[in-house]
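# Survey of secondary and tertiary structure
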Amino acid sequence: MEKVNIKVDGMTCGGCVSSIQKALTARDGVKDVAGSVEDKTVTVDFDPAVINQMKLEEAIEQAGFDVIK
Ligand code: 9UX
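The shown structure was predicted, so the numbers you read here are calculated from the model rather than taken from an experiment. (Residues numbered from 1 in each chain as written. Predicted model: local features only at pLDDT ≥ 70, side-chain atom pairs only at ≥ 80, totals over all residues. Heavy atoms only, no water.)

## So, the sheet that holds strand β1 (residues 2-9)
Pairing within the open sheet is antiparallel, and its 4 strands lie in the order β2-β3-β1-β4. With partners counted over all chains shown, the strands left at the sheet margins are β2 (30-36) and β4 (66-67), one partner each. Here β1 runs beside β4; their pairing, made up of 2 bridges, is antiparallel. Each bridged residue has a counterpart across the sheet, and for V8 the counterpart in β4 is V67. Along the sheet, helix α1 (residues 14-25) makes contact with β1, β2 and β3 (41-46), crossing β2 at roughly 165 degrees. The strands touched by helix α2 (residues 53-62) within the sheet are β1, β2, β3 and β4, with β1 carrying the most contacts at an inclination of about 35 degrees. (Pairing = 2+ DSSP bridges. Helix = DSSP H or I, 4+ residues; strand = E, 2+ residues; numbered from the N terminus. Contact = heavy atoms within 4.5 Å. Axes fitted to C-alpha atoms, helices over the stretch in contact; angles between N-to-C directions.)

## Some remarks on the pattern of salt bridges
The full count for this structure, using the stated rule, is 2 salt bridges. Two residues, K40 and D9, come together in a salt bridge whose shortest N-O distance is 3.2 Å. With a gap of 31 residues between them, K40 in the loop between β2 and β3 and D9 in strand β1 connect regions that are remote in the sequence. (Salt bridge = Lys/Arg side-chain N within 4 Å of Asp/Glu carboxyl O.)

## Some points on unusual backbone geometry
Its identity as a non-glycine residue notwithstanding, K40 has a phi of 50 degrees, on the positive side. For K40, a relative accessible area of 37% gives the class partly exposed. (Buried < 20%, exposed > 50% of the residue type's maximum accessible area, 1.4 Å probe, protein only.)

The values are spatial; any link to function lies outside them.
Structure, rendered in structure tokens:
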């Protein structure tokens, strides 16, 4: 398993965090997702043999949020 912190813009309440968690955990290879509105960060535990950071970021953007590069 590998862990990444992804900076995300547009999360303004806990519901946003839930949406992102739902969008990411629906993907194969994603084990755990934690988000912080205060830190504008999403922490993802994933299996790098199955999914990569670029795909995680795509899923966040498809859920309607902006990834800060
Ligand atoms: Mo809160 Mo986020 O009402 O998409 S859920 S701002």
